[in-house]
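Chains, contacts and geometry: an overview
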Amino acid sequence: FNSQIQFYTVSPNYECALIQVNDTSAKTFLPLPPQKLKLQMLEQKDSLDIIMEKICSLAELKTKSPQQGVCTGAALKTAVEMLKTTGGKILLFMASMPTIGFG
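To start, this report covers the structure provided alongside it. Bear in mind the structure is a predicted one, so any value in this text is a computation, not a measurement. (Residues numbered from 1 in each chain as written. Predicted model: local features only at pLDDT ≥ 70, side-chain atom pairs only at ≥ 80, totals over all residues. Heavy atoms only, no water.)

Considerations on the overall build of the protein chain
When helices and strands are counted, the protein chain shows three helices and two strands. Mapped from its N terminus to its C terminus, the protein chain presents α and β elements in the order β-β-α-α-α. Considering the protein chain as a whole, with its 103 residues, one finds that 24% of them fall into the buried category. Within the protein chain, residue pairs in contact and separated by at least 24 positions form 63% of the contacts whose partners lie at least 6 positions apart. (Helix = DSSP H or I, 4+ residues; strand = E, 2+ residues; numbered from the N terminus. Buried < 20%, exposed > 50% of the residue type's maximum accessible area, 1.4 Å probe, protein only. Contact = heavy atoms within 4.5 Å.)

Structural notes on the pattern of salt bridges
Applying the stated criterion across every chain yields a total of one salt bridge. For the salt bridge of K84 with E81, the shortest nitrogen-to-oxygen distance reads 2.9 Å. E81 sits in the partly exposed class, given a relative accessible area of 32%. (Salt bridge = Lys/Arg side-chain N within 4 Å of Asp/Glu carboxyl O.)

Examining helix α3 (residues 72-83)
For α3, with twelve residues, the first-to-last C-alpha span of 17 Å sits near the 16 Å given by 1.5 Å per residue. The set of residues buried in α3 consists of T72, G73, A74, A75, T78 and M82. (Expected span 1.5 Å × (residues − 1).)

Thoughts on the pairing of strand β1 (residues 5-9)
Regular strands show a simple pattern: their side chains alternate between the two faces of the sheet. In terms of residue burial, β1 counts as a mostly covered element, since four of its five residues are buried. Where β1 lies against strand β2 (residues 18-22), five bridges are found, and the strand directions are antiparallel. Its bridge partner being in β2, Y8 is matched across the sheet by I19. (Pairing = 2+ DSSP bridges.)

Remarks on the environment of L83
Note that L83 resides in helix α3. It is 9.5 Å that separates the C-alpha atoms of L83 and Q35, two residues lying 48 residues apart in sequence.

This is the structure in structure tokens:
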């Protein structure tokens, strides 16, 4: 996340991961049911590796443009929504204070 929250969907039906972007940090939502946004780590390791490579290359492109803001509060709220049905842990590492939305 930065000024947008991004969701990555992996499916054997798709050639690559689908990226869905929530560009408003004021009103958070899940674009799909939580089960479709979660990966089974052992079963989908290859897909996870591909997604991580894509995220890294997208991050390199983002660093070339000035930072538009950080929506940490909205990203955290969305993560909590994803874990409501199954539980789990959220690890959040921040490099700057939130500047967009609540937080």
